[in-house]
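Chains, contacts and geometry: an overview
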Amino acid sequence: MSKMKGRSLISITDYTKEDILKILDLAEEFEKNPRQNILNGHVIASLFFEPSTRTRLSFESAVQYLGGRIVGFASADTSSVKKGESLKDTILTVSNYSDLIVMRNPLDGSARFASEVSPVPIINAGDGANQHPTQCLLDLYSIRKTQGQLENIEIAMVGDLKYGRTVHSLVQALSLFNAKFHFVSPESLKMPSSVKTVIKNAGLEYFQYTELSDVIPFTDILYMTRIQGERFPDPLEYEKVKNSYILTNSMLEGSKETMKVLHPLPRVNEITEDVDDNPKAYYFQQARNGVYVRQALIAAILGLK
Ligand code: CP
């Protein structure tokens, strides 16, 4: 029986290397056979207090391809939160109606709080600038699928490394796999010290840059991110940095043959559309991988695989 059975997933650090590999292997099985009736009779709740396209809809697809039912809301405005209901009361109520709760919330730490009060497992679908562990798992899946392995990858993370929750989770996970990290950001959006400490504690190296062109020749994975305008306390500060990095197709000349461009999406203008037809562009396949990884997670947490 799965070690993940009945356990919430709040931070990628809740999972060991063995747990992560188990989910990736299961996801490979679901990619080969995504339509199975294993969730028949199960109800999953999907509570999105913050906008989403990929995470919410890929969870919904994952559940429906597996024969389960999904209930929930896509905006806090259509729930009783709008009338002042607390997160605790919302979670205690929804746990009466479901076997598992998937939640996105703009507050850092809200998912951990929800898991502490909930009688059913919680999957964190993104809490503020903190963590996005399911995105991290699909990023790892995409890296392994395109590079043939997860060990010893050189990865360049570009853009908003301060507020971007996906890069925080991904650094923590890749620190288990002997990665070498290259961080490209404006001075004001550097990777937080707490995340860099994880790298140091793992005995690994990171390098910091302000120019995107510096990392393109040698990186295995070019992980672009959006500048997270919604998290800036001062909109004028966002205006100063919003167009810091724009990847164009011609900039990929001279990159490694096997290099892939990843992006958790949505993009605003950090990758121009002429990159989309380059075989090195992998971000839409990356989003597709989210279905298989989320199927694997749900099956493992419900003890069905
Ligand atoms: N990658 C990601 O979290 O996308 P959404 O915000 O559309 O869910």
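Anything mentioned here points back to the structure above.
As a starting point, this report considers the structure included with it. (Residues numbered from 1 in each chain as written. Predicted model: local features only at pLDDT ≥ 70, side-chain atom pairs only at ≥ 80, totals over all residues. Heavy atoms only, no water.)

Take the overall build of the protein next. For the protein, the count of helices and strands is nine helices and nine strands. Computed over the C-alpha atoms, the radius of gyration of the protein is 19 Å, within 12% of the 19 Å expected from 2.2 N^0.38 for a compact globule of 305 residues. Across its three principal axes, the protein shows a C-alpha extent of roughly 55 × 45 × 40 Å. For the protein, the proportion of its 305 residues judged to be buried stands at 55%. A sequence separation of at least 24 residues applies to 73% of the contacts in the protein between residues at least 6 apart. On the protein, roughly 12900 Å² of surface is accessible, and the fraction owed to carbon and sulfur atoms is 48%. Across the protein, the 34 positively charged side chains and the 36 negatively charged ones have centroids separated by 5 Å. (Helix = DSSP H or I, 4+ residues; strand = E, 2+ residues; numbered from the N terminus. Rg over C-alpha atoms; globule rule 2.2 N^0.38 Å. Buried < 20%, exposed > 50% of the residue type's maximum accessible area, 1.4 Å probe, protein only. Contact = heavy atoms within 4.5 Å. Areas by Shrake-Rupley, 256 points an atom, 1.4 Å probe, with all protein chains shown as cover. Lys, Arg positive; Asp, Glu negative; His and termini not counted. Charge placed at Lys NZ, Arg CZ, Asp CG, Glu CD.)

A full pass over the atoms with the stated rule returns 19 salt bridges. E28 is paired through a salt bridge with R144; the nearest N and O atoms lie 3.1 Å apart. Taken together, the positions of E28 in helix α1 (residues 17-32) and R144 in helix α5 (residues 133-147) put the pair 116 residues apart, joining distant regions of the chain. Owing to a relative accessible area of 35%, E28 belongs among the partly exposed residues under this scheme. A salt bridge links R56 to E60, with the shortest nitrogen-to-oxygen separation between them at 3.1 Å. On the criterion of helical spacing, the pair formed by R56 and E60 is a turn pair, its members being four residues apart in helix α2 (residues 54-65). Each of K3, R7, E18 and D19 takes part in salt bridges that share partners, so that together they form one network. (Salt bridge = Lys/Arg side-chain N within 4 Å of Asp/Glu carboxyl O.)

This part takes up unusual backbone geometry. Note that the residue after L265, namely P266, is joined by a cis bond; omega there is 5 degrees. Mapping P266 onto the fold places it in the loop between β9 (260-262) and α9 (283-301). Positive phi values are uncommon outside glycine, yet L265 reaches one of about 60 degrees. Within the secondary structure, L265 sits in the loop between β9 and α9. What makes L265 buried here is its relative accessible area of 12%.

This model, assessed by the stated rule, comprises two cavities of 30 Å³ or more. Computed from the structure, the largest cavity encloses a volume of approximately 50 Å³. In terms of lining, the largest cavity is formed by R54, T55, Q135, L138, H263, P264, Y283, Q286, A287 and R294. Contributions of two or more residues to the lining of the largest cavity are made by α2, α5 and α9. (1 Å grid on protein atoms, 1.4 Å probe; cavity = no way out; pocket = protein on both sides within 12 Å on 5 of 7 lines; lining within 4 Å. Points joined across faces, edges and corners; volume = space filled by probe spheres on them.)

This paragraph deals with the site of the ligand. Taken together, the residues surrounding the ligand are S52, T53, R54, T55, R104, H132, Q135, P264 and L265. Note that an oxygen atom of the ligand is positioned 2.8 Å from one of the backbone N or O atoms of T53. Contact between the ligand and P264: a nitrogen atom at 2.8 Å from a main-chain N or O atom of the residue. Here the ligand loses 91% of its free accessible area of 260 Å² to cover by the protein chains. If you map the ligand onto the pockets, it falls in the largest pocket. Among the residues forming the shell around the ligand, the class breakdown is two nonpolar, five polar and two charged. (Near = heavy atom within 4 Å. Polar contact = N/O pair within 3.5 Å; in protein donor to acceptor, adjacent residues only side chain to side chain. Sits in = over half its atoms within 2 Å of the grid points. Nonpolar A, V, L, I, M, F, W, Y, C, P; charged D, E, K, R; others polar.)

Attention shifts here to the nonpolar core. L137, L140, I155, M157 and F181 are the most contacted members of the largest nonpolar core, which has 60 residues in total. Residue contributions to this core peak at nine residues, all from α9. If sequence neighbours within four positions are ignored, M157 has contacts with V167, L170, V171, F181, H182, F183, V184, M191 and Y223. Grouped together as the second largest cluster of nonpolar side chains are 19 residues, L212, M224, M259 and V275 included. (Core = buried A, V, L, I, M, F, W, Y, C linked by side-chain atoms within 4.5 Å.)

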